[in-house]
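What follows is the residue order along each chain.
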Amino acid sequence: MSFQDVFYNSIPFNLNIDFSDNVSVNAVIDEIFPKLLNDKIRDTDRNKLYLKVLLLNVFANYHTATDAWTSFPKTRNYYNTNSRYNSNKVSKKIIEIMEQLVSKKLLIFNGGFNSQNSYQKSYTSRIKATKKLADIFFKHKMDNQKLDISSDVECIIVKKKQGKNNIQIEYEDTPSYIIKRSLCSSYNNLLRRSHIDCVDIPDTGIFIGNSKYPIHVSQNNKWVKRVFIKDDETTIPLYGRWHGGFWQQMNGEWRNRIKINGLETTEIDYSGMGINILYDLAEKEIDDVDPYNLKGYYDNPKYTVEELRPLLKQVLMIMTNSKSSVQALKAIQIDVNDADNNYPRDIDLKVLMNAFKKRHYPIKDFFFSNIGNVQYYFDSFITTKIIDHFTLKNIVILTIHDSYVIDLNNADELQEVMEDSYMEVIRRYDKNIKVKYENKQYAKMRFNRSYPLPEPSNPEEEMHQFNQQQWTSPDVTRMTKKDYHIEDGRGWGIKRLFKDKDYKQRLLDWRALGLHKVESYYVANKQYHPHLLMDLMYEYETNTLDKNKDNHLTYKEYIKKNPKKDYIQIHEDAKKAEEEELKQEKENNK
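As the structure is a prediction and not an experimental result, all values here were calculated from the model. (Residues numbered from 1 in each chain as written. Predicted model: local features only at pLDDT ≥ 70, side-chain atom pairs only at ≥ 80, totals over all residues. Heavy atoms only, no water.)

Here's the deal with the packing of helix H9 (residues 305-321) against helix H10 (residues 325-337)
For clarity, the cut-off: Every angle, taken between N-to-C directions, lies between 0 and 180 degrees, and every axis is a line fitted to C-alpha atoms, over only the stretch in contact when it is a helix. In this description a helix means any DSSP run of H or I spanning at least four residues, a strand means any run of E spanning at least two, and both kinds are numbered starting from the N terminus. Each crossing gets its handedness from the near helix: less than a right angle anticlockwise from the far helix is left-handed, clockwise is right-handed. Contact criterion: two residues are considered in contact whenever any of their non-hydrogen atoms come within 4.5 Å of each other. Note on residue categories: nonpolar means Ala, Val, Leu, Ile, Met, Phe, Trp, Tyr, Cys or Pro, charged means Asp, Glu, Lys or Arg, and polar means any other residue, Gly included.
Remark: H9 packs on H10, axes separated minimally by 9 Å, with the N-to-C direction vectors making an angle of 145 degrees. At the point where H9 passes H10, the crossing takes the right-handed sense. Only Ala328, Ala331, Ile332, Asp335 and Val336 of H10 make contact with H9, whose side of the interface consists of Leu311, Gln314, Val315, Ile318 and Met319. Residues that form the contact of H9 with H10 fall into these classes: eight nonpolar, one polar and one charged.

Some words on the environment of Thr265
Which entries qualify depends on this criterion: Buried, partly exposed and exposed residues are distinguished by accessible area as a fraction of the type maximum, computed with a 1.4 Å probe on protein chains only: under 20%, between the cut-offs, and over 50%, respectively.
In this fold, Thr265 is placed in strand E12 (residues 263-270). Of the residues examined, Thr265 reaches a relative accessible area of 0% and is grouped as buried. What Thr265 contacts, discounting residues up to four positions off in sequence, is Arg255, Ile258, Lys259, Ile260, Val405, Ile406, Asp407, Leu408 and Asn439.

Re the state of the cysteines
Note on terminology: a disulfide is the covalent bond linking the sulfur atoms of two cysteines. Inclusion rule: We call a pair of cysteine sulfur atoms a disulfide when they lie within 2.5 Å.
According to the stated counting rule, one finds zero disulfides in the structure shown. Cys155 carries a free sulfur, and the closest cysteine sulfur to it, the one in Cys184, is 3.5 Å from it.

Examining the pairing of E12
Spelled out, the test is: Pairs of strands are assigned from DSSP output, requiring at least two bridges between the strands.
Across the eight residues that make up E12, a large majority, eight, are buried. One ladder, built from two bridges, connects strand E11 (residues 258-260) with E12; its direction is antiparallel. Considered in E12, the bridge of Lys259 is made with Glu264. Between E11 and E12, which follow one another and run antiparallel, lie two residues, and Asn261 among them has a positive phi close to 50 degrees. Of the pairings in the sheet, the one linking E12 to strand E14 (residues 403-407) comprises five bridges and is antiparallel in character. Note on E14: the bridge partner recorded for Glu267 is Val405. Note: E12 against strand E15 (residues 435-437), three bridges, orientation antiparallel. Across the sheet, the residue bridging to Ile268 is Tyr437, located in E15.

Focus on the packing of H10 against helix H11 (residues 349-359)
Note the cut-off: Oblique is the label for any angle not under 35 degrees, not over 145, and not in the 65 to 115 range, which are roughly parallel, roughly antiparallel and roughly perpendicular in turn.
Running from N to C, H10 and H11 cross one another at 120 degrees; their axes reach a closest spacing of 10 Å. With respect to their mutual orientation, H10 and H11 come out oblique. Crossing of H10 against H11: the hand is right-handed. Taking contact as the criterion, the partners of Ser325, Ala328, Leu329, Ile332, Gln333 and Val336 in H10 are, on H11, Leu349, Lys350 and Met353. Here the contact of H10 with H11 is built from residues that sort into six nonpolar, two polar and one charged.

Digging into unusual backbone geometry
The backbone of Lys89 sits at a positive phi, close to 55 degrees, despite the residue not being glycine. The topology assignment puts Lys89 in the loop between strand E2 (70-72) and helix H4 (93-103). The exposure class of Lys89 is partly exposed, given its relative accessible area of 37%. Positive phi, normally seen in glycine, also occurs at Arg427, with a value near 65 degrees. As for its placement among the helices and strands, Arg427 is situated in the loop between helix H13 (411-426) and E15.

Describing the sheet that holds strand E3 (residues 107-110)
Reading across from one edge, E2-E4-E3 is the order of the three strands in this open sheet, with antiparallel pairing throughout. The sheet is open, and its two edges are formed by E2 and E3, each paired on a single side. For this sheet the average axis-to-axis angle between neighbouring strands, irrespective of direction, equals 35 degrees. For E3 and strand E4 (residues 125-129), the ladder comprises four bridges, and the chain directions are antiparallel. Each bridged residue has a counterpart across the sheet, and for Phe109 the counterpart in E4 is Ile127. Across the sheet, helix H3 (residues 45-64) lies against E2, E3 and E4, angled at about 75 degrees from E4, the strand it touches most. H4 contacts E2, E3 and E4 of the sheet and is inclined by roughly 115 degrees relative to E3.

Notes on the confidence of the model for the protein chain
Low pLDDT marks stretches whose predicted atomic positions should not be read closely. Rule in force here: Known as pLDDT, the predictor's per-residue confidence is scaled from 0 to 100.
Taken residue by residue, the protein chain gives an average pLDDT of 80. The fraction at 70 or more is 77%. Across the protein chain, the element-wise mean pLDDT spans from 45 in helix H17 (residues 532-537) up to 98 in strand E13 (residues 398-399). Across residues 526-556, confidence stays below pLDDT 50; counting only partners more than four residues off in sequence or on other chains, it has 58 contacts. A low-confidence stretch, residues 562-568 stays under pLDDT 50, and its non-local contacts, those more than four residues away or across chains, total 26 contacts.

Re the side chain of Glu154
The condition that has to hold: We call two N or O atoms a polar contact when they sit within 3.5 Å, provided that within protein one can donate a hydrogen and the other can accept it, with sequence-adjacent residues counted only if both atoms are side-chain atoms.
Along the chain, the position of Glu154 falls in the loop between strand E5 (147-149) and strand E6 (156-162). Of the polar contacts made by the side chain of Glu154, one reaches the side chain of Arg181; its length is 2.9 Å. If we skip the residues at most four places from it in the chain, Glu154 touches Arg84, Tyr85, Tyr171, Arg181 and Trp223.

Focus on the sheet that holds strand E7 (residues 165-168)
The mixed open sheet is built from four strands, whose spatial order is E7-E6-E9-E10. Looking at which strands have only one partner, the edges of the open sheet turn out to be E7 and strand E10 (238-244). Direction aside, the axes of adjacent strands within the sheet are offset by 35 degrees on average. As paired strands, E6 and E7 are joined by four bridges and run antiparallel to one another. Bridged to Lys160 within E7 is Ile167. Along the sheet, helix H6 (residues 175-192) makes contact with E6, strand E9 (224-230) and E10, crossing E9 at roughly 155 degrees. Helix-sheet contacts for helix H12 (residues 372-392) involve E9 and E10, and the interaxial angle to E10 is about 50 degrees.

Some thoughts on the nonpolar core
It is characteristic of soluble globular proteins that their nonpolar side chains tend to be buried jointly. Put simply, the rule is: Nonpolar cores are built from buried Ala, Val, Leu, Ile, Met, Phe, Trp, Tyr and Cys residues. Side-chain atoms within 4.5 Å join them into one set.
Core analysis: the largest hydrophobic core is formed by 93 residues, its most contacted members being Tyr270, Ile382 and Ile386. Contacts of Tyr270, omitting those with residues within four sequence positions, involve Ile382, Ile386, Asp402, Tyr404, Met418, Glu419, Ser421, Tyr422, Ile433, Lys434 and Val435.

Comments concerning the environment of Tyr62
For Tyr62, the position within the fold is in helix H3. Using a relative accessible area of 18% as the deciding quantity, one classes Tyr62 as buried. Separated by 72 residues in the primary sequence, Tyr62 and Ala134 place their C-alpha atoms 7.8 Å from one another. What Tyr62 contacts, discounting residues up to four positions off in sequence, is Ala129, Ala134 and Phe138.

What follows is the structure, encoded as structure tokens:
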């Protein structure tokens, strides 16, 4: 077995994993646990819990792909029982339990290594189930659909740069974090009770690029989190993007096949959002030409603009996240050498990088300035505002950073919300916000409202449509205008066809769990209702940041002058100043 087979494409260890069927998982634990007891491993409920967490991790990955490995940290400091990221309170004792499972031929173990140089990656140890352990899973009828995540799992993740990696760090709750967690939990509850699936999934699963393991399209792979990153130059975390959900692992082709509660979807994204934000932060106007079209700056007849676009997007990201051109060039070269990225390899990257810098000379000061996380901070605000809007209306929206998937009925509203959100966050009300529809078919359909669209749906309504035979049999492969049939599940009429014969069964299996009836599973602080997030985000507008009325600063200007403060802190600063002023007045009156 090669190094790549073991250490590439592994799945991270999940300290917060859970299982909704106690009967089957307890039966597995009862069979295995007595065999592990020794002088170090005692018969306690805590040790049984650690075994459960370990077994559920390898079970989840074994079901995804029988040869899939799970990364398993053997660093004892990783298992901090007081950590907000460890809802199961797993201690370092789990390492000894893992070693016992290996000695009993229930796990296969491969040790990791710590790189001592800058050009090699470090890897944690890897584990996976043996056939002996897999047989025990199947013997007790463990069902992967019942895999879950703890209800009090932390969804606001804060990281800090440490060497070559971003490491999770602990933090104290503030009003800012409470609001963010409240919205994130509400959004996760909506995703959890909604049926989100993909049609025409091959029996072998969905493989993207050169990946050896399929994407895990499942109703227990929908949980999302927000990730913030702190650095030495700011006291508040930046970045703030939303991560998670199987749709973020897919390419555009597969995302076009997503169904939300049985409804056809479309994907809409911003055109050149990253570079537009940089121009707006610099208060410069961007021209109407495609920002990734380097005509006149870089000529390479071998590649079209579309062929170079993915590489240029990566070049932009690296140039704004690097501190020097040398650092940026090294990082770009590493990405180009990675076969999974499929970038052109016969390009002079230094020439390309300089051409891109000249093409966007008005924002030259942002290149090699390490401003990338500030840029992402703003685009995460925009995405948060969009999520907030639709979550309050109980409408599911799936995010891929600056791109969004929604059902056809709400696509036009999504476009309006995207335009409004950008203008409100970036403070550019005069700007023409450009968006594009990734589903070209819908881009044409939306101008013709003569066909009937399906009504808004939910898991109950989706099942009702099946029972009323409004979803046609899988042997129909041609469009029949008379019956409004169309292949591949395109929702053009009342009746819809799916080639994916397993779709209905997956819906039935999931509905049997009753998750769609649980209004609030994930818990969060109830101090703030989610919609107050937006109210507080923009409350700085009604607060005087400087007592001099002739010196009111916009949020963008304030961030430039005070990079260590976020919108909640601005609000708190104004409130604190007001309290101090009142306190001083009382003392003076005395």
